[in-house]
Amino acid sequence: MGSTYRLQLSPAFTFDDAAAQVPYLADLGVTHLYLSPVLEAVRGSAHGYDVVDPTTVRGELGGRKGLERLADSAHVDGLGLVIDIVPNHLGVGRPEQNPWWWDVLRFGRRSEYAHIFDIDWDPRNGAGGKLALPVLASGDDGAALTVDRTGPEPLLRYHDRVFPIGRDPGGDAGHVHYAQPYRLVPWDAPIRTYRRFFTVDDLAGVRVEDPEVFAVTHAEIGSWFADGIADGLRVDHPDGLADPIDYLRRLRALVGPEAWIVIEKIMAVDEPLEPTLPVAGTTGYDALRELGHALLDPAGEPVLTDLHTRWTGDDGAALWNSASTLRLRDELAGRDLRPEFLRLARSVREETGTSVPVDALADAALAWMNEIPYYRDDYPVLHVPAANTGTYAHYRATFTDAPPGSAVATESVTAARSLGRDSAHRFAQLTGALTAKSLEDTAFYRSARLVSLQEVGGTPSDFGPADPHPALSRRAAEWPAAMTALSTHDTKRGEDVRARIGVLSQCADDWAAVVDRWLPELPSAPHPVTALFLLQTVFGVLPDDGAVTDGLRGRLHAYAEKAMREARIGTSWTSPDGDFEAAGHTFLDAVLGSPVGTEMAELVAGLAPHGRSDSLAQKLLQLAGPGVPDVYQGTERWEDSLVDPDNRRPVDWTALPGGSSPKREVVRAALRLRRERPDSFVGGSYTPLRADGPAADHLLGFLRGPQGGAPDVAALATRRSLVLDRAGGWRGTRVDLGAGEWTDRLTGNVFAGRVLLAEVLLEHPVALLVRE
C-alpha cells in the first residue's frame, strides 16, 4: 500500500466515470483508488452513507458489474481499490427503499429482520412499545394521514412519505395508524425508539455485534476480497458500534490477513490507539492535526486570544471542557439525545436492579461522560495507568465527592459499566455521539480565535506542537501503514483554506488591527463570534486577485447559513431565526462589497504566497512522512473548499492534468517517488533533519529510508515563511545532508554535504531530495 486517492462516487460520477480517470491517476503516482461507499443507498444520494441494502452494489453507480469494470481498469494500470464501508447504520428516511426496514414496519417484532436493527421494544419506550418514527410536523398533524388502497398493497401516506400497513382493520387513517407496530410522532418529540447515528433520524443503528447480522450485512463485502476486487477497507465510525474490537476481528477474519483496513476514529492529542486492533491505523485526522499545528506561530496566540476576548467576552481557547460546551452537552442530553440517555438508564436499572429513577441515572451517566476526553473510553489501552489517566479508577475518584443525592445513581452506573453488558456498550456508544455533536458539530462553530484549528480531530486550545517529530516518529514505529489525510469529505475547510488562515498566527498584530478597524465600519453581525468567524472564512477563500464571482458569493452565503445554524447561538436547523440569519448575510455582503472588502483583497494578495508556502509544506510532509497518504479528489491543485456539501462539489477532471501548479508538481513527484521506492516509506526509517543557523527553527525536515539501510529520501519544508521573510530570510542557515549527492525531484538541482537552505529552497519553499 503506497498511497490512496479518494473519489466521491454519486449518480453524477459513477464507476465508469472513475474508470475513465484511471490513466491520469496512475500517472499522478497513486497506488490505490479509495472509493466512497458503493452499496445500495437512498436514490439520488450524493454521498452513499445512507445505505438501504448492504447486500447489493449500488445500481446508480453501475452495480456489481460496474464495480468489476472499475477494478479491471485499475488493475490494468497497476492500481488497487480501497472501499469505504458503513457498518454502524442503514438509511431509513425513505422506508420503501429499505426492504428490511419496510418489513420491520409491517410486522414489528415479528419481522424476520427485526433483530438487525437496534430497536427498543420496551413498553416504557415512550411509544407504548412500538417503533416511533419522528416524521410529523406537529402533534396535530396526524390529520394529514391518508390510506391508499389503490396499489398492490395498502399504504399509509403522509404528504410525500409512505409507510406499510401490516394489519388493516379498515376505517379511517387514524384507526389504521393505531393498529400498526410503529407510531408516527412529531419530529421534535423526545421519543426515539431506535438507536441513531448521532442525532440523524434517517440513519438507524444496526446490531452487527450479532454474528448473524454481521454475516448478512457483510456477505457482499467479503466477496470483494474473495473475487479479487478490493484490497482494503475504510471503516466508517467504528466507535458507534457496541464492540468495535470484536467487530474488527470479525472483519479481519472475513477479508483476510493481507487486506489493508483503516478506521475512522477521532483521537485526542495524547490518546493511544488500541494496539490489539487488527487494523493498519486510523484514517488520519491525527496526522492532519499534527501537521497543521506544526506550521503555526505560537507567538500569535496571545494576540488572537485578546482579539477574541475583546469582541466576544470569551477567550475562545478552551472548547472541549469550557462552561459553554458543558452547558451544550447538558442541552443535548436533555433534548436531542434524551431518548438514548433514557434507554441507557433503563438498561442500567435492568442490569443492576437499582430503584434509582431513570432521570437520575441518565444525569449520572452524563456527569461521568463529561469527564471523558475521548470518543469512548472502553478500549483496554485506556485502562493502563502508564498510558494516561483514562481509567475506571480515575473516573470513580472523580465522583467520590458527588453532589448529595447523586452518589447512588453514580454507583449504579459504575456497577453496570463493570458488567460489560448492554449498558456498558450503550454508554460507550453514547459518549462518542455526545462529544461529536457538542464539540465538532457545534462548539467549533461558536469560536473564532483561529478557525483553521477548529477541525475534525483538532485541538483549538493548542497552538502547538512546535516540534512534530515525536508524533511522526511514533507513527513510523507504531502505525507505519496508517492513513494520513489533509482533506476529507468531512473536513470543515479544505487544506489550502486552513493553510492560508493559519498564516494569521504569523501576523496576529496586523490582523487584530484591521479587524478592530473593520468591525465598527460594517453592519452589526447577529453575534460577535459570527463576525469574527466569517471574516476569517472570507480571508481563507478569497481569490488572490480579490474577485468575487456569483458562484463564490453563493457558496459563502450557503456556508454562512450552515455555520450559523450549526453554532446554535441565535438560530438552528430545527428553529431557524430569519432575522438572525439575515443579519449574518448582510454582514457577509458588506465584507465582500464594501471598502472593507477592498482592504481584505489587498491583505489576501500580500499573504496568499505564504498560505501557499504552508500548503506546500504540509502536503510534502504528509506525502513523504510516515503512513499511507490520501489525496482527496482535486486537492493535487489549489482548491478553496469549505464544509460539506461544498467539499463534495464535482471535480473538473479536464483541468487537473493541464497547466502548471506547484502543488500538483509536489504531489506527482512525491507519489511517484513512493511508488518507485516503497521500502523507504511504509515501514521505512524516520529521522528528523534539523538545520543550524539563525533561521533553523523555520525548517521542518526529515530523512526516510529502508529499514536497516541508509536514508535515501529527504523532505525539507519551510514553516512560518512570513516571519522568515520579515527577519531577512535564511541568512546563512544550513542543513547537513550527509554523504552522497542528492537530487531535488522538483527542480533537478543536485546538492551534497552541508548546504545553504537559501540555495536548496530557492525555487520552492519545499524540496524533495533523493540520493541516487
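If you're wondering where the values come from, they're calculated on a predicted model, not measured in any experiment.

K.L.:
Please provide a residue-by-residue account of the domain arrangement of the chain, values included.
P.N.:
According to the domain assignment, the chain consists of domain 1 (4-87 + 208-264), domain 2 (95-205) and domain 3 (321-440). Summarising the inter-unit geometry, the C-alpha centres of domain 2 and domain 3 are found 30 Å apart. Every contact between the two is made by 14 residues of domain 2 and, on the other side, 12 residues of domain 3. Across the domain 2 to domain 3 interface the summed buried area is about 1100 Å²; carbon plus sulfur atoms make up 49%. Together, Arg195, Phe198 and Thr199 form the three largest contributors to the area buried by domain 2 at its contact with domain 3, with a combined 44%. At the surface where domain 2 touches domain 3, the tally comes to four salt bridges. The salt bridge involving Asp118 is made with Arg343; its shortest N-O contact spans 2.9 Å. Between the two partners, domain 2 and domain 3, sit six residue pairs in polar contact (both at pLDDT 80 or more). Of the residues that constitute the side of domain 2 that touches domain 3, the class distribution is five nonpolar, three polar and six charged.

K.L.:
With reference to specific residues and values, describe the sheet that holds strand S2 (residues 32-35).
P.N.:
Reading across from one edge, S16-S15-S14-S5-S2-S1-S18-S17 is the order of the eight strands in this open sheet, with parallel pairing throughout. Pairing within the sheet leaves two strands with one partner each, and these edge strands are strand S16 (281-282) and strand S17 (483-484). Judged from the two bridges that link them, S17 and strand S18 (residues 628-632) form a sheet pairing that is parallel. Counterpart to Thr484 in the pairing with S18 is Pro629. Relative to strand S14 (residues 232-235), helix H7 (residues 244-255) is tilted by about 160 degrees, and along the sheet it contacts strand S5 (80-85), S14 and strand S15 (260-263).

K.L.:
Provide a residue-level description of the environment of Leu642, including the pertinent values.
P.N.:
Along the polypeptide, Leu642 turns up in the loop between S18 and helix H23 (662-676). Separated by 306 residues in sequence, Leu642 and Asp336 place their C-alpha atoms 26 Å apart. Dropping the residues within four chain positions of it, Leu642 is found in contact with Thr491, Lys492, Arg493, Val497, Thr537, Val541, Arg555, Leu556, Tyr559 and Asn647.

Conventions adopted
- Residues numbered from 1 in each chain as written.
- Predicted model: local features only at pLDDT ≥ 70, side-chain atom pairs only at ≥ 80, totals over all residues.
- Heavy atoms only, no water.
- Domains from an automatic or database assignment.
- Contact = heavy atoms within 4.5 Å.
- Buried area = accessible area lost by both parts, 1.4 Å probe.
- Salt bridge = Lys/Arg side-chain N within 4 Å of Asp/Glu carboxyl O.
- Polar contact = N/O pair within 3.5 Å; in protein donor to acceptor, adjacent residues only side chain to side chain.
- Nonpolar A, V, L, I, M, F, W, Y, C, P; charged D, E, K, R; others polar.
- Pairing = 2+ DSSP bridges.
- Helix = DSSP H or I, 4+ residues; strand = E, 2+ residues; numbered from the N terminus.
- Axes fitted to C-alpha atoms, helices over the stretch in contact; angles between N-to-C directions.

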